[in-house]
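So the chains spell out like this:
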There are 2 protein chains.
Amino acid sequence: MANQTLDDTDLQILQCLIDNSLRSHKEIGQLVHLSGQAVGARVRRLHDLGVIDGYTLRWNPDKIGQTVHAFVTVFMKSNTAHTAFLSFARSRPEIIEVHRVSGEGCYWMRVRLSGGGALNALLDEVLAYGNYKLSLSIEMVK
Amino acid sequence: MANQTLDDTDLQILQCLIDNSLRSHKEIGQLVHLSGQAVGARVRRLHDLGVIDGYTLRWNPDKIGQTVHAFVTVFMKSNTAHTAFLSFARSRPEIIEVHRVSGEGCYWMRVRLSGGGALNALLDEVLAYGNYKLSLSIEMVK
DNA sequence: TTCATTTACTTTCATAGTGAAAGGAAATCG
DNA sequence: CGATTTCCTTTCACTATGAAAGTAAATGAA
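These figures come from a predicted structure and were not determined experimentally.

**Q** Sorry if this is basic, but what is going on with helix α2 (residues 25-32) of chain B here?
**A** What sets the pattern is the α-helix's 3.6 residues per turn: residues three or four places apart point alike. All names here are of chain B. Buried within α2 we find Ile28, Gly29 and Val32. Buried residues of α2, viewed axially, fall in a sector of 105°; they line one side. Away from its buried face by more than 90 degrees, α2 exposes Lys26, Gln30 and Leu31. Positive backbone phi, at 60°, marks His33, one or two positions downstream of α2.

If you want it as structure tokens, here you go:
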């Protein structure tokens, strides 16, 4: 296999697919001056290199009733609570994303819920592991 | 057009596509007991209803050298800085996502950068609009 | 230099996925 | 009761795809 590095064409293809992963290789090929098959080969390489992890949707949670979008910074109350907290976080589908962070708090997470009641219930459960700070997203402006 | 509501099958299809948007309609159809074409029609409806916004990639920014992933909460220093800050944020490709928030600060944003130097430079610019709090993502654990 | 190898591409071809159209079954409604 | 609507299936034509074969340029060794 070739060089581990990506050239400009690879990045262009990547950007193009991030924008719309259904674009055909042929169409992308016209942009980057390659045949569709050559684009296909590069996409496969991006996959092999681990640059591309998978294909997914851009979608609208509030259209299925998940109107609350919030960010929660968690401050663990003890050193032993970490693994328990992690398995809790992983088990909850309303917790979309969790990061171990340095700076403010120990963990940061993004949650999506159907309303204030659900948020209240979730935060109550978080309290078992530590304190938190909450930011509600009013609008995603970018 | 039909009812505005989505049934369980629609949600199953949605979940399936979020997991892997390249799955064929036929394969999804086998899961939800429909023909591929019926799945296609429902996917089109999800599009029309605005539930599905587009198709994109799950990918790995650190593989292209963007190794720093950070969350920045911004506290505006004046009421007039908002629009300027927004156009600044929108113009910077390293600022991936921006939300207006209630709770901690005025805005929350996610940034991806090539290293500490770039982060330092970006934060310097943010200081023109207000103060900030920074959290570095050590690892995305979910 | 010359020949062999590698890399990355194009073209060709067989296969699979797609949307459009036509037709059918069940539910709704006057 | 028949008409309409909704949602589905089947069929069909078209397009996108990956595999294979062939080509051209670059690299490297004798």
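**Q** Which parts of the structure should I look at to understand the relation of the copies chain B and chain A?
**A** For the pair of chain copies, the relating operation is a rotation around an axis with a shift along it. The transform that puts chain B on chain A rotates by 180° and translates by 0.0 Å along the axis, for an RMSD of 0.0 Å. The relationship between the two copies is best expressed as a two-fold rotation axis. Residues of chain B ranked by C-alpha distance from the rotation axis are headed by Thr56 of chain B, positioned 2.7 Å from it. Here 100% of the contact residues of chain B are again contact residues in chain A; the copies associate through an equivalent surface.

**Q** I would appreciate a short explanation of the interface of chain B and chain A in the present structure.
**A** Put simply, an interface is often sized by how much accessible area is lost when its parts join up. Taken together, the contacts link 51 residues of chain B with 51 residues of chain A. Together chain B and chain A conceal approximately 4,700 Å² of surface at their shared face, both sides included; 58% is due to carbon and sulfur atoms. A salt bridge links Arg110 of chain B to Glu97 of chain A, with the shortest nitrogen-to-oxygen separation between them at 3.0 Å. Among the elements of the structure, α1 (8-19), β1 (52-59), β2 (68-76), α4 (81-91), β3 (95-102), β4 (107-113) and β5 (130-140) of chain B are those that each provide at least two residues to the side of chain B that touches chain A. Grouping the constituent residues of the side of chain B that touches chain A by class yields 26 nonpolar, 12 polar and 13 charged.

**Q** Quick question: what am I supposed to make of the protein's contact with DNA strand D here?
**A** Close to DNA strand D lie 10 residues, the nearest being His25 of chain A together with Ser35, Gln37, Ala38 and Arg42 of chain B. Taking all atoms of DNA strand D within 4 Å of the protein, the share assigned to sugar and phosphate is 74%. In the environment of DNA strand D, a base oxygen lies 3.2 Å from a nitrogen or oxygen atom belonging to the side chain of Gln37 of chain A. Contacts to DNA strand D include Arg42 of chain B, whose side-chain N or O atom sits 2.5 Å from a phosphate oxygen. Secondary structure elements with two or more residues in the surface near DNA strand D: α3 (36-48) of chain A together with α3 (36-48) of chain B. Ranked by the residues each element gives to the surface near DNA strand D, the list is headed by α3 of chain B, at three residues.

What counts, and where the lines are drawn
- Within any chain, residue numbers begin from 1 and follow the written order of that chain's sequence.
- To label them, take the chains in the order written and letter them from A, then take the ligands in the order written and number them from 1.
- Local features in this predicted model are restricted to residues of pLDDT 70 or higher, and side-chain atom pairs are both shown and tallied only at a pLDDT of 80 or more, whereas totals for entire chains, interfaces and linings draw on every residue.
- To get the side-chain values, take all heavy atoms of the structure and skip hydrogens and water.
- For every residue, the accessible area obtained with a 1.4 Å probe (protein chains only) is divided by the maximum for its type, and the residue is called buried under 20%, exposed over 50%, and partly exposed between those limits.
- In this text, helices come from DSSP runs of H or I with a minimum length of four residues, and strands from runs of E with a minimum of two, each type numbered from the N-terminal end.
- Arc, as used here, means the arc of the directions from the helix axis to the C-beta atoms.
- For the least-squares superposition of copies, only C-alpha atoms count, and only for residues with pLDDT at least 70 in both.
- Any two residues whose heavy atoms approach within 4.5 Å are treated as being in contact.
- Buried area is calculated as the accessible area (1.4 Å probe) missing from two parts once they are joined, with the contributions of both summed.
- We count a salt bridge whenever a side-chain nitrogen from Lys or Arg sits within 4 Å of a carboxyl oxygen from Asp or Glu.
- Classification used: nonpolar for Ala, Val, Leu, Ile, Met, Phe, Trp, Tyr, Cys and Pro, charged for Asp, Glu, Lys and Arg, polar for all others including Gly.
- Put simply, a residue is near a molecule or strand once any heavy atom of it comes within 4 Å of that molecule or strand.
- Contacts described as polar in this section are N or O atom pairs within 3.5 Å, which, within protein, must combine one atom able to donate a hydrogen with one able to accept it, while residues neighboring in sequence count only if both atoms come from side chains.

Honestly, that's just the spatial picture; any functional story needs more than this.
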